[in-house]
Amino acid sequence: ELPEVASELKNRLTEAKNAFPEARFIILANAPAEVEIIKEFCEVYLASHNAFLDPARYPLAKMGKQKFDALYIARITPFKRHYLAEQIRKLHLIGSYSEKEKEYFTQTISKFPNAVWTQKVPSFFIGQEICKAACGLALSAVEGAMFSCGEYSLCGVPVVNTGNLGGRDTLLPEFAVRYAEDTPESVAEQVDYWGNNRISPGEIREGFLKLANQQKELVQDLINSIAGKKV
């Protein structure tokens, strides 16, 4: 969605088409806005990579009091905007950092004296950690589809989101996401909302899967058409 990124993609595709003139190039985009941009120079379909997460790997959260008010699964790096979570009372941060950004990490983590920080959780166990929080956070302004958003939804955990480019909103059920302004106060306010207004985890999961299955079916039909199979 950023002009410079679209331009680079267009140039790289031109090089690829020149190198492989008989090839068919297809792009799967994460956001409707990306589709509108890319269709000017390449075949493109809306299919977020989050749609292909395996539901079997994610347990469903239980109703009731959660250990944490919010969870943020994100590498500790500037674009993830951790500072927006500074006013959350019971917060769990999961994410490592680059050695090149160690000073930034140290400065950032010092602003969360009461939060629990876990550097890394094996992927097969991340769902268990998600289920301990009343909501998940998505705070970056520019990113891709953000796997964590899909993981939150598959566990039946609602999301506190900020305005963004990149497509993470595409598969979030509308009833399970609250939008915050780009301030710690607003983020904390929306976190409190989810703490006081619980939604059935099963409804959130089903809402996500309904949206995801539409995109998965589109890709399956596309593959069948390429393979010459009748649907």
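Throughout what follows, the structure given in this document is the object of discussion. (Residues numbered from 1 in each chain as written. Predicted model: local features only at pLDDT ≥ 70, side-chain atom pairs only at ≥ 80, totals over all residues. Heavy atoms only, no water.)

1. Concerning the overall build of the protein
Part 1 of the argument: On a plain count of helices and strands, the protein comes out with seven helices and eight strands.
Part 2 of the argument: Taking 2.2 N^0.38 as the reference for a compact globule, 231 residues should give roughly 17 Å; the C-alpha atoms of the protein span a radius of gyration of 19 Å, in line with that estimate.
Part 3 of the argument: Over its C-alpha atoms, taken along the principal directions, the protein stretches across nearly 60 × 40 × 30 Å.
Part 4 of the argument: In the protein, which comprises 231 residues, the share counted as buried stands at 45%.
Part 5 of the argument: Roughly 12400 Å² of accessible area belongs to the protein as shown, and the carbon and sulfur atoms make up 53% of that amount.
Part 6 of the argument: In the protein, 27 side chains carry a positive charge and 29 a negative one; their mean positions are 6 Å apart. (Helix = DSSP H or I, 4+ residues; strand = E, 2+ residues; numbered from the N terminus. Rg over C-alpha atoms; globule rule 2.2 N^0.38 Å. Buried < 20%, exposed > 50% of the residue type's maximum accessible area, 1.4 Å probe, protein only. Areas by Shrake-Rupley, 256 points an atom, 1.4 Å probe, with all protein chains shown as cover. Lys, Arg positive; Asp, Glu negative; His and termini not counted. Charge placed at Lys NZ, Arg CZ, Asp CG, Glu CD.)

2. Structural notes on the pairing of strand E3 (residues 70-73)
Part 1 of the argument: Residues Ala70 and Tyr72 point to one face of E3 and Leu71 and Ile73 to the other, with burial holding for every one of them.
Part 2 of the argument: Bridge analysis of E3 against strand E4 (residues 91-94) gives four bridges, and the strand direction is parallel. Across the sheet, residue leucine 71 finds its bridge partner in E4, namely histidine 92. (Pairing = 2+ DSSP bridges.)

3. Some points on the nonpolar core
Part 1 of the argument: In terms of nonpolar packing, the biggest core is built from 47 residues, with Leu137 and Val187 touching the most fellow members.
Part 2 of the argument: In this structure leucine 137 touches Ala70, Leu71, Tyr72, Ala85, Ile88, Leu91, Met146, Tyr152, Val160, Val187 and Val191, once residues within four positions along its chain are discounted.
Part 3 of the argument: Counting residues in hydrophobic clusters, the runner-up holds eight residues, among them Leu13, Ala29, Ile38 and Phe41. (Core = buried A, V, L, I, M, F, W, Y, C linked by side-chain atoms within 4.5 Å. Contact = heavy atoms within 4.5 Å.)

4. Brief notes about the packing of aromatic side chains
Part 1 of the argument: Across all of its chains, the model carries three aromatic pairs by this definition.
Part 2 of the argument: Relative to phenylalanine 105, the ring of tyrosine 97 has its centre 4.0 Å away and its plane inclined at 10 degrees; by these criteria the two rings are stacked. For the pair formed by tyrosine 97 and phenylalanine 105, the shared burial category is buried.
Part 3 of the argument: With 4.9 Å between their ring centres and 50 degrees between their planes, phenylalanine 105 and tryptophan 117 make a pair best called tilted. (Phe/Tyr/Trp six-rings, centres within 6.5 Å; stacked < 30°, edge-to-face > 60°.)

5. Notes on unusual backbone geometry
Trans peptide bonds make up most of the peptide bonds, and negative phi angles are found at most residues other than glycine.
Part 1 of the argument: A positive phi angle is found at arginine 81, which is not glycine, with a value near 55 degrees.
Part 2 of the argument: Its place among the elements puts arginine 81 in the loop between E3 and E4.
Part 3 of the argument: The residue methionine 146 is not glycine, and still its phi comes out positive at about 65 degrees.

6. Observations concerning helix H6 (residues 184-196)
Part 1 of the argument: Look at H6: 19 Å from first C-alpha to last across 13 residues, which is about the 18 Å you get at 1.5 Å a residue.
Part 2 of the argument: Among all positions in H6, only Pro184, Ser186, Val187, Ala188, Gln190, Val191 and Trp194 are buried. (Expected span 1.5 Å × (residues − 1).)

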